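Examination of the molecular architecture
Chain residues, written in single-letter form:
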Amino acid sequence: ELVVLYHDLIGEHGVLVRGYSPTHGFLSLQSYDLPLRERRYLYPLALLEITFTPPTDTSRLAALLHIEGAHVQHPLQTDLLRHCIALFITDVLSQILVNYPPEQAMGAFIRYYIDLLSSQAERVVYLPHRFLLDLSVLLGYTPSGEYTPTTTRLHLETGCFLPPPTLESDLVLNDDASRVCDRLLKRDYAHPILQRLDQEQRNDLLRSLLRYLSLHLELPLSTRCIDILHTMLHQ
């Protein structure tokens, strides 16, 4: 099983595919004769069953032989907003999973978000934020404490809900953003506070959550997809 994170075309019939497999980890695969009927499945977060030849000592690329089956998620192909969020998710995962081991828990986590994103009934405004927080939890960086009248600020560097600092810092979320994070961590998606933040505030919060993950992974994560994502979500 392979989750497609990225693909590029090589010539008329060739493709380069990067993806994650719960049994093999991050894979880079190439094919120079993949049929057009199979190439149509190579969209972001596509869930495929593939046959491949592993990398060798002379080539770091695996050989993609066939796409045996595909679990097609039509909203990820036809709904522009969901497609854009899928691009955001695969961009983050591509940066993190390149050296990540094969793991069933990670595979199940990605499938869970594919199902969420594929559901037309699911509200998508905070789905990228939920994804980053849930990914942080999965990787072992769950924020500690909770939002209370005395612990109103989430500190990105310590990962704790603490009293407001004496001096403002870009490593400390404001009260509203901290409270939203608390509600999202508690899966209270209908809370009124989530309706209060405007587009710019949601955008800032998403950047902060990506920074939170970057700080705790000690990995410089790019934010290049965020502006495009929010342009599409809020146009």
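Okay, the layout of surface pockets next. The volume enclosed by the largest pocket comes to roughly 250 Å³. In this structure, the largest pocket is lined by 14 residues; those nearest its centre are Leu-173, Asn-174, Asp-204, Leu-205 and Ser-208. Of all elements in the fold, only helix H6 (175–185) and helix H8 (199–217) reach the threshold of two or more residues within the lining of the largest pocket. It is H8 that contributes the most residues to the lining of the largest pocket, six residues altogether. Considered class by class, the residues forming the lining of the largest pocket number five nonpolar, four polar and five charged.

As a further point, take the side chain of Ser-208. If you trace the backbone, Ser-208 turns up in helix H8. On the basis of relative accessible area, Ser-208 is assigned to the buried category, the value being 16%. For Ser-208, the residues in contact, after removing those within four places along its chain, are Leu-156 and Leu-173.

Running from amino to carboxyl end, helix H3 (residues 80–97) crosses helix H5 (residues 127–138) at an angle of 20°, the nearest separation of the two axes being 10 Å. Judged on the interaxial angle alone, H5 and H3 are roughly parallel. Note that H3 runs across H5; the crossing there is right-handed. Contacts from Ile-85, Phe-88, Ile-89, Val-92, Leu-93 and Ile-96 of H3 reach H5 at Pro-128, Phe-131, Leu-132 and Leu-135.

With 19 residues, H8 extends 27 Å from end C-alpha to end C-alpha; this agrees with the ideal 27 Å at 1.5 Å per step. Remark: Glu-218 follows H8 within two positions and exhibits a positive phi of approximately 55°.

The next thing to look at is the sheet that holds strand E4 (residues 47–53). With respect to topology, five strands assemble into a closed barrel ordered E1-E2-E3-E5-E4, the strand pairing being mixed. Strand-to-strand, the axes of this sheet are offset by a mean angle of 40°, without reference to chain direction. Sheet topology note: the strand E3 (residues 25–31)/strand E5 (residues 62–71) ladder contains two bridges and is parallel. Among the inter-strand pairings, Gln-30 is bridged to a residue of E5, identified as Ala-63. Lying on the sheet, H3 is in contact with strand E1 (2–10), strand E2 (14–21) and E3; it crosses E1 at an angle near 95°. This element, helix H4 (residues 104–118), spans E1, E2 and E4 of the sheet and lies at about 110° to E2.

Below, the discussion takes up the nonpolar core. Counting residues in each nonpolar core, the largest one holds 69 residues, and the members touching the most others are Phe-88, Ile-110, Phe-131 and Leu-135. It is H3 that provides the largest number of residues to this core, a total of nine residues.

Counted by the stated rule, this structure contains five aromatic pairs. Centroid distance Tyr-113 to Phe-131: 5.5 Å. Interplanar angle 80°. Geometry classified as edge-to-face. Residue Tyr-113 is located in helix H4, and its partner Phe-131 is located in helix H5; the two are separated by 18 residues in the primary sequence. Linked through ring pairs, Phe-109, Tyr-112, Tyr-113 and Phe-131 together constitute an aromatic cluster. For the cation-ring pair, Arg-130 lies above Tyr-189, with the distance from its terminal atom to the ring centre recorded as 3.7 Å.

Take the environment of Ser-178 next. With respect to the helices and strands, Ser-178 occurs in helix H6. The exposure class of Ser-178 is buried, given its relative accessible area of 0%. Spatially, the C-alpha atoms of Ser-178 and Leu-154 are 5.3 Å apart, while their sequence positions differ by 24 residues. Ignoring sequence-local partners within four residues, the contact set of Ser-178 consists of Tyr-147, Thr-152, Arg-153, Leu-154, Phe-161 and Leu-173.

Here we take up the side chain of Arg-153. Within the secondary structure, Arg-153 sits in strand E6 (residues 153–155). A polar contact is formed between the side chain of Arg-153 and the side chain of Asp-175, at a distance of 2.4 Å.

Calculation criteria
Residues numbered from 1 in each chain as written. Predicted model: local features only at pLDDT ≥ 70, side-chain atom pairs only at ≥ 80, totals over all residues. Heavy atoms only, no water. 1 Å grid on protein atoms, 1.4 Å probe; cavity = no way out; pocket = protein on both sides within 12 Å on 5 of 7 lines; lining within 4 Å. Points joined across faces, edges and corners; volume = space filled by probe spheres on them. Helix = DSSP H or I, 4+ residues; strand = E, 2+ residues; numbered from the N terminus. Nonpolar A, V, L, I, M, F, W, Y, C, P; charged D, E, K, R; others polar. Buried < 20%, exposed > 50% of the residue type's maximum accessible area, 1.4 Å probe, protein only. Contact = heavy atoms within 4.5 Å. Axes fitted to C-alpha atoms, helices over the stretch in contact; angles between N-to-C directions. Parallel < 35°, antiparallel > 145°, perpendicular 65-115°, else oblique. Left-handed = near helix turned anticlockwise from the far one by under 90°. Expected span 1.5 Å × (residues − 1). Pairing = 2+ DSSP bridges. Core = buried A, V, L, I, M, F, W, Y, C linked by side-chain atoms within 4.5 Å. Phe/Tyr/Trp six-rings, centres within 6.5 Å; stacked < 30°, edge-to-face > 60°. Lys NZ or Arg CZ within 6 Å of the ring centre and 35° of its normal. Polar contact = N/O pair within 3.5 Å; in protein donor to acceptor, adjacent residues only side chain to side chain.

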